[in-house]
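Secondary and tertiary structure notes
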Amino acid sequence: MAVTIKSEREIELMRESCKILAEVHAKLGEAVMPGISTGEINALGEQLIRSYDCVPNFLNYNGYPASICVSVNDEVVHGIPSKDRILNEGDIVSLDAGLIYKGYHSDAARTYPVGQISDEAAQLIAVTRQSFFEGIKYAREGCHLHDISNAIDAYCGRFGYGVVRDLVGHGIGTSLHEDPQIPNFRQWRRGVRLRAGMTLAIEPMINMGSYQVAWLDDDWTVVTQDGSLSAHYENTVLITKGEPEILTLLPGMD
Ligand code: MF3
Ligand code: CO
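These numbers were taken from a predicted model, which means no experiment stands behind them.

**A short note on the packing of aromatic side chains**
Throughout the structure, instances matching the rule amount to six aromatic pairs. Both rings, one in phenylalanine 132 and one in phenylalanine 133, keep their centres 5.0 Å apart while their planes meet at 90°; by these two values the pair is edge-to-face. Residue classification places phenylalanine 132 among the buried positions, given a relative accessible area of 0%. Where phenylalanine 133 meets tyrosine 233, the ring centres are 6.1 Å apart and the plane angle is 40°; that geometry is what we call tilted. Here the residue phenylalanine 133 occupies a position in helix 3 (residues 119-135), and tyrosine 233 occupies one in the loop between strand 13 (230-232) and strand 14 (235-238), the gap between them amounting to 100 residues. Looking at tyrosine 233, the relative accessible area reads 3%, which means it is buried. Among the aromatic residues, those joined into a ring-pair cluster are Phe132, Phe133 and Tyr233.

What follows is the structure, given as structure tokens:
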């Protein structure tokens, strides 16, 4: 499938979908604290999404059984929330959420500290976030897709972190996953030329140790093979002729 270019009308709908998701994320971030269960975070997320008359796009996606992916510590992505999984002081937790507004999908992820965390864990979260911003320096018309991948990889490599290779970012629009796939690690081809009107979910997944991952027996939860911590940061981005528009980030929000 070719990469879709959104019309001005579609871009407006993407903007609204992503703005709602940013508000959902802000509220979910406030709920992260020692003692809350990952199941409670999921329930809150689903309730928030539905309160905006939107639909959680992860729920039942390829059979995924929840609305919010909640991934703790060495869990990279796609953790399945549970009332029995309680967050403890010192944990880090990645919340990945998405929704559909008038047929248009949004997708974003954040990693949060639970109470006080180690300096090493805080650095992993900060570097993962910053790697997204290093990548999107090239998210503009005229650059090539893999300029983004290479910038993310180069930045994380400076810290000795492992850049996950088995999962990638993606185009997004009337489907959650559209072309192109967006790797976060070094590529030897340029990839597609970026054009104004493309909407991309750019999502570095970064491990403190090796890049290698494994799947738990639930067939969803992705964990680091070496048990090291992992962080995730994702926004839905609009390519323009100039600076990219980060659609899932509201002014003054992180
Ligand atoms: N943000 C993730 C992605 O882009 C989450 C979707 S996977 C799901 O693939 F199955 F949980 F929906
Ligand atoms: Co995504």
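After that view of the structure, there is still more to cover.
**A word on the coordination of the cobalt ion (ligand 2)**
Protein-derived ligands of the cobalt ion (ligand 2) are Asp107 (OD), His170 (NE2), Glu203 (OE) and Glu234 (OE), with the metal-ligand distances lying across 2.1 to 2.2 Å. The sequence pattern formed by the donor residues of the cobalt ion (ligand 2) is D-x62-H-x32-E-x30-E. Of this pair, histidine 170 sits in strand 7 (residues 169-171) while glutamate 203 sits in the loop between strand 9 (199-202) and strand 10 (205-207); the two residues are 33 residues apart in sequence, bridging distant segments of the chain.

**Side note on the site of ligand 1**
Near ligand 1 the following residues occur: Phe58, Tyr61, Tyr64, Cys69, His78, Asp96, Asp107, His170, His177, Glu203, Trp220 and Glu234. Residue glutamate 203 places a side-chain N or O atom 3.1 Å away from an oxygen atom belonging to ligand 1. At 3.4 Å, a side-chain N or O of glutamate 234 approaches a nitrogen atom of ligand 1. Here ligand 1, which alone exposes 330 Å², has 95% of that area covered by the protein. Classifying every residue of the shell around ligand 1 by side-chain character gives five nonpolar, three polar and four charged.

**Looking at the side chain of histidine 25**
Here histidine 25 lies in helix 1 (residues 8-31). Note on histidine 25: relative accessible area 3%, which makes it buried. Among the polar contacts made by the side chain of histidine 25, one reaches the main-chain carbonyl oxygen of alanine 108 at a distance of 2.8 Å. Those residues in contact with histidine 25 that sit more than four places away from it in its chain are Leu95, Ala97, Ala108, Ala109, Arg110 and Tyr112.

**Section: the packing of helix 1 against helix 2 (residues 38-51)**
At a minimum axis distance of 10 Å, the contact between helix 1 and helix 2 shows a crossing angle of 155°. Classed by the angle they form, the pair helix 1 and helix 2 counts as roughly antiparallel. Once helix 1 is placed against helix 2, the crossing between them reads as right-handed. For the pair formed by helix 1 and helix 2, the contact residues are Val24, Lys27, Leu28 and Ala31 on the first element and Ile41, Leu44, Gly45, Leu48 and Ile49 on the second. A breakdown of the residues in the contact of helix 1 with helix 2 according to their chemical character gives seven nonpolar, one polar and one charged.

**Structural notes on the nonpolar core**
With 38 residues, the main nonpolar core has Val32, Ile41, Leu87, Val93, Leu95 and Leu99 as its most contacted residues. Elements that contribute at least two residues to this core include exactly helix 1, helix 2, strand 2 (69-72), strand 4 (92-101) and strand 5 (104-113). Examining the composition of this core, we find that nine residues originate from one element, helix 1, more than from any other. Membership of the second largest hydrophobic core comes to 30 residues, among which are Ile117, Leu145, Val237 and Ile239.

Definitions and limits used
- Residues numbered from 1 in each chain as written.
- Chains lettered and ligands numbered in written order.
- Predicted model: local features only at pLDDT ≥ 70, side-chain atom pairs only at ≥ 80, totals over all residues.
- Heavy atoms only, no water.
- Phe/Tyr/Trp six-rings, centres within 6.5 Å; stacked < 30°, edge-to-face > 60°.
- Buried < 20%, exposed > 50% of the residue type's maximum accessible area, 1.4 Å probe, protein only.
- Helix = DSSP H or I, 4+ residues; strand = E, 2+ residues; numbered from the N terminus.
- Donors = N, O, S within 2.8 Å, 3.2 Å for Na, K, Ca; no water.
- Near = heavy atom within 4 Å.
- Polar contact = N/O pair within 3.5 Å; in protein donor to acceptor, adjacent residues only side chain to side chain.
- Areas by Shrake-Rupley, 256 points an atom, 1.4 Å probe, with all protein chains shown as cover.
- Nonpolar A, V, L, I, M, F, W, Y, C, P; charged D, E, K, R; others polar.
- Contact = heavy atoms within 4.5 Å.
- Axes fitted to C-alpha atoms, helices over the stretch in contact; angles between N-to-C directions.
- Parallel < 35°, antiparallel > 145°, perpendicular 65-115°, else oblique.
- Left-handed = near helix turned anticlockwise from the far one by under 90°.
- Core = buried A, V, L, I, M, F, W, Y, C linked by side-chain atoms within 4.5 Å.

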